[in-house]
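The residues making up each chain are set out below.
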Amino acid sequence: MLSVETRQRAASWLDERLGLTAIGEFLRHKAVPVHSATIWYYFGGITLFLFVIQVLTGILLLLYYRPTPTEAFESVQFIMTRVEFGWLVRSIHSWAANLMILTAFIHMFSVVFLHAYRRPRELTWLSGIVLLGLALAFGFSGYLLPWNTVAYFATKVGTDIAASLPGIGPPLARFLRGGDEVGGATLTRFFGFHVAVLPGLTTLVLLVHLALVQKHGISVPPKVEQESRRRGVPIPQMPFFPNFFLRELMAWYGALGVLGSLAAIFPWELGVKADPFAPAPAGIRPEWYFLAEFYTLKLLPSHVWIFEGELLALIGFTLLAVFWALLPFWATNRQGEIRTRLVTGAGVALLAYLSTFSALGYWR
Amino acid sequence: MRRALAVAAAAGWLLEAAARDTCLECHAVLEGALQRPAVLYKADVHARHGFGCAACHGGDPSTDDPKLSMSPARGFRGKIARTAIAKLCAHCHSDASLMHKYNPRQRVDQYAQYVTSVHGQRIAQGDAAAATCTDCHSVHDIRNVKDSRAPVHPLRLPETCAHCHADAQRMARYGIPTDQFAKYRRSVHWEALAERGDLSAPSCASCHGNHGATPPGVASVTAVCGTCHVLLEELFNKSPHQPVFASMGMAGCIVCHGNHEVMRPSPAMLAGEKSVCAQCHDPDSSGAKAGAEMARLINQLRASLERSSAMLERAARSGMEVSEAQIRQQEAQEALVKARVAVHAFRLEAVREPVEAGLKITAESYRAGVAALEERNRRRIGLAVSLVTILVTMTGLWMAIRAIEKPVGGS
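Along each chain, the written sequence defines residue order, and numbers are assigned to residues from 1. Here every chain gets a letter starting at A, and every ligand a number starting at 1, in the order they are written. It should be noted that, the model being predicted, local features are given only for residues of pLDDT at least 70 and side-chain atom pairs only at 80 or more, the latter also being counted only at that level, while totals for whole chains, interfaces and linings use all residues.

### Observations regarding the overall build of chain A
Then, number 1: Under the scheme used here, helices are H or I runs from DSSP no shorter than 4 residues and strands are E runs no shorter than 2 residues, and both carry numbers assigned from the N terminus. Summing up its helical and strand segments, chain A has 15 helices and 4 strands in all.
Then, number 2: Judged by the C-alpha coordinates and their principal axes, chain A covers about 70 × 60 × 35 Å.
Then, number 3: Exposure classification rests on a simple neighbour count of other C-beta atoms within 10 Å of a residue's own: a residue reaching 20 or more is buried, one at 12 or fewer is exposed, and one in between is partly exposed. C-beta atoms are placed from the backbone. Going through the 364 residues of chain A one by one, you find that 32% of them count as buried.
Then, number 4: Long-range contacts, defined as pairs at least 24 residues apart, comprise 77% of the intrachain contacts of chain A with a sequence gap of at least 6. Any pair of residues counts as being in contact when their C-beta atoms, constructed from backbone geometry, are within 7 Å of one another.

Quick look at the structure:
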């Protein structure tokens, strides 16, 4: 056992070099508002936790995965059947990816409905939207990596849609595929995006996002603020450390339990190895988070007036994404007040569209 | 100028006259049997290639006057006698240079084959009731064999043959049975053709020939079946049965499988009540015992294959990755096929060898399925332990939070 004096000296040595007292002081003063909607504050942390799980399991998968058309499927099969706990690592990686996108969506809609995007948090919102886009890009690029039939044809359809954009479409599709068709070059490229480009970008934007959250503190819903002002009572708060942190830790454990259960009871399927010369099997559809767009494209006729249906849908999706990303800017009127009804209405409409069309895309 | 106009008008009239087919023009406005050819001919392959009625019936289609257009002096032949139809068709269809203009890959030996056929021989003997070209190919609406509406299209051919051969009254004079089509419709070949739409499945012409239609003789049955079942023919010809069957005048394959009513083969043909071996072998003979043993081996492999497939299926439904074992199951399935084929060597060892190879694979697959299910159970136990640990930790955290947030000095 170390003596008290030795421990104090060690702590002092570390404090001098790491500034532990300052960090402790900062954590002691950081507080989280407590109100009826506090529960939604946990979803950002859960998304971050799932991202960390993704990084860790991804690194483990990298030890065995080989990104070539001749070896990719077999290497994943090897991970699933021969590598000790390989099935668990891969299943957790795949399930965590899906759960992360789900919690990211929940986090985004909670920010919308709690109006947490408002001044001065516009850049926090924008960086969050970029992170969501990066998460979707992670999903799209990772989907192809096992090189199975469904993934192959879904990527083919996805890149074909990109190719239909006027002007930029064909070069963009060629850039994504590394050629005119989905093939070995696409796999290598998607692997590169998935394990190098996207993680790098995500880490960078994530740091900006967290720094902005830190700078502006946790937002309180306008209604709670008004109620507090009306009553003349300050909004209750809890210390971030350890109170909120321990609760967040509980949420992470809960997420880990859900993740482990899904991975153990429903291990992620491997499917059948992709055969580029085989006809596309029936019922090809993308991952659930692209189903709404997929179903919209399916519903549209091939031509609407003089426009191609696909192109029209792409223009629509792009405009919707831009409109949504600029939410903090159109959500405030000239007097600087939040158009809460408009924003809530837009949020409900988007949520209804995404959930209804995703369900229709899944079942029809 | 006037001269040029007159020449142009004359040329136009000549072209129009040459393009006209007054046969069709007149017959189209007639009624009943006289109108029917004109209506049907629109869909005829010959019409599409520019041939008019006169190509077969002679006459002059450029004139409106029926006396002239149907004048024997202008080559009008009228209705073609049934005994003359084949020769008339052969006039063009046996002419290689002419046929090459329309279809370079078109065969030109149909008539040469036809005259050797039973149909052709009877026609040559003056039997006008015997089948000729138009009985199978239709008349006035002849279509390409690839056209699914053609009576000689593979899917329709059996019915076309049955049109005459299932007609008891028509066949009575020839003293041949009329149940071939009814039997064929119960066969595995019909199932493949009609139910699965497999155009390569055998129908009447596959065994009897088409233009040279003749029933296969005793000596040629094996060769006929062997055109598709190559390996079976090879095994049978090397088997001890071949010389025995030949010496007894028994027609190879059909002794066991029948001819028109070829049923789906099964191990039941080797042993038991439905045993075809029992037709010749006494129940206590070594032949019957060998047959029974072959049936047992094949049934054993089939049962083992079903058992291991069910086990792998169960494991796969549980989310376990067993695709490698499932791929190996295909090898066991191939071994089963090989064993069934090997029956035709009529040697027990020839059947035993693939069966044993197949059984080895199914045993491995079964073990892989069992191992996968055991692994699934281990995972579930591991999950339960992890969940309990997580719950305990969460409870601990909750208690820690409660302890931290306990009001100072509170009860």
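### Remarks on the overall build of chain B
Then, number 1: Within chain B, the regular secondary structure consists of 23 helices and 0 strands.
Then, number 2: Going through the 411 residues of chain B one by one, you find that 25% of them count as buried.
Then, number 3: Counting only contacts in chain B whose residues sit at least 6 apart along the sequence, the fraction spanning at least 24 positions is 57%.

### Considerations on the confidence of the model for chain B
Residue and element names in this part refer to chain B.
Then, number 1: pLDDT expresses how confident the predictor is about each individual residue, on a scale running from 0 to 100. The predicted model of chain B averages 90 in pLDDT, with 94% of residues at 70 or higher.
Then, number 2: Averaged pLDDT values for the elements of chain B fall to 52 in helix α1 (residues 2–19) and rise to 96 in helix α23 (residues 348–405).
Then, number 3: Under the prediction, the complex receives an ipTM of 0.85, its pTM being 0.70.

### Remarks on the interface of chain B and chain A
Then, number 1: Listed per partner, the contact involves 19 residues of chain B and 20 residues of chain A.
Then, number 2: Counting residues per element, the ones that place at least two in the side of chain B that touches chain A are α22 (323–342) and α23 of chain B.
Then, number 3: Tallying contributions element by element places α23(B) first for the side of chain B that touches chain A, with 15 residues.

### Considerations on the environment of A:His209
All names here are of chain A.
Then, number 1: Among the secondary structure elements, His209 is positioned in helix α9 (residues 184–216).
Then, number 2: As a C-alpha pair, His209 and Leu2 span 207 residues in sequence and 41 Å in three-dimensional space.
Then, number 3: His209 has contacts with Thr124, Ser127, Gly128 and Leu131, leaving out every residue within four places of it along the chain.

### Comments concerning the nonpolar core
Then, number 1: Working definition: the nonpolar core is a set of buried Ala, Val, Leu, Ile, Met, Phe, Trp, Tyr and Cys residues, joined through C-beta atoms within 7 Å. Ranked by size, the top nonpolar core spans 72 residues in total, and within it A:Leu50, A:Ala96, A:Met100 and A:Trp147 carry the most contacts.
Then, number 2: The contacts of A:Leu50, once residues within four sequence positions are left out, are A:Ala96, A:Leu99, A:Met100, A:Thr103 and A:Ala255.
Then, number 3: Of all hydrophobic cores here, the second largest spans 24 residues; its members include B:Cys225, B:Met294, B:Ala295 and B:Val343.

### Regarding the environment of B:Glu324
All names here are of chain B.
Then, number 1: Among the secondary structure elements, Glu324 is positioned in helix α22.
Then, number 2: Take Glu324: there are 13 C-beta atoms within 10 Å of it, and that puts it in the partly exposed class.
Then, number 3: Sequence separation between Glu324 and Asp282 is 42 residues; the distance between their C-alpha atoms is 46 Å.

### Focus: the environment of A:Thr188
Residues and elements named next belong to chain A.
Then, number 1: By the secondary structure assignment, Thr188 is in helix α9.
Then, number 2: For Thr188, a count of 15 C-beta atoms within 10 Å puts it in the partly exposed group.
Then, number 3: Aside from chain neighbours lying at most four places away, what touches Thr188 is Pro67 and Gly178.

### A word on the packing of helix α3 (residues 42–62) of chain A against helix α11 (residues 240–265) of chain A
Residue and element names in this part refer to chain A.
Then, number 1: Note on geometry: axes are C-alpha line fits, over the in-contact stretch for helices, and angles between N-to-C directions span 0 to 180 degrees. At a closest axis distance of 9 Å, the pairing of α3 and α11 adopts a crossing angle of 50°. Of the possible angle classes, the one that applies to α3 and α11 is oblique. Helix-helix and strand crossings are classified by hand; for α3 and α11 the assignment is right-handed. Contacts from Tyr42, Gly45, Ile46, Phe49 and Leu50 of α3 reach α11 at Glu248, Ala251, Trp252 and Ala255. Here the angle decides the label: under 35 degrees means roughly parallel, over 145 means roughly antiparallel, 65 to 115 means roughly perpendicular, and every other value means oblique. Crossing handedness: left-handed means the near helix sits turned counterclockwise from the far one by under a right angle, and right-handed means the same turn made clockwise.

### Overview of the packing of α22(B) against α23(B)
Residue and element names in this part refer to chain B.
Then, number 1: The N-to-C vectors of α22 and α23 enclose an angle of 160°; their axes lie 8 Å apart at closest approach. Relative to α23, the element α22 lies roughly antiparallel. At the point where α22 passes α23, the crossing takes the left-handed sense. Of the residues in α23, those touching α22 at Ala325, Arg328, Gln329, Glu331, Ala332, Ala335, Leu336, Lys338, Ala339 and Ala342 are Ala350, Val351, Pro354, Val355, Ala357, Gly358, Ile361, Thr362, Glu364, Ser365, Ala368 and Gly369.

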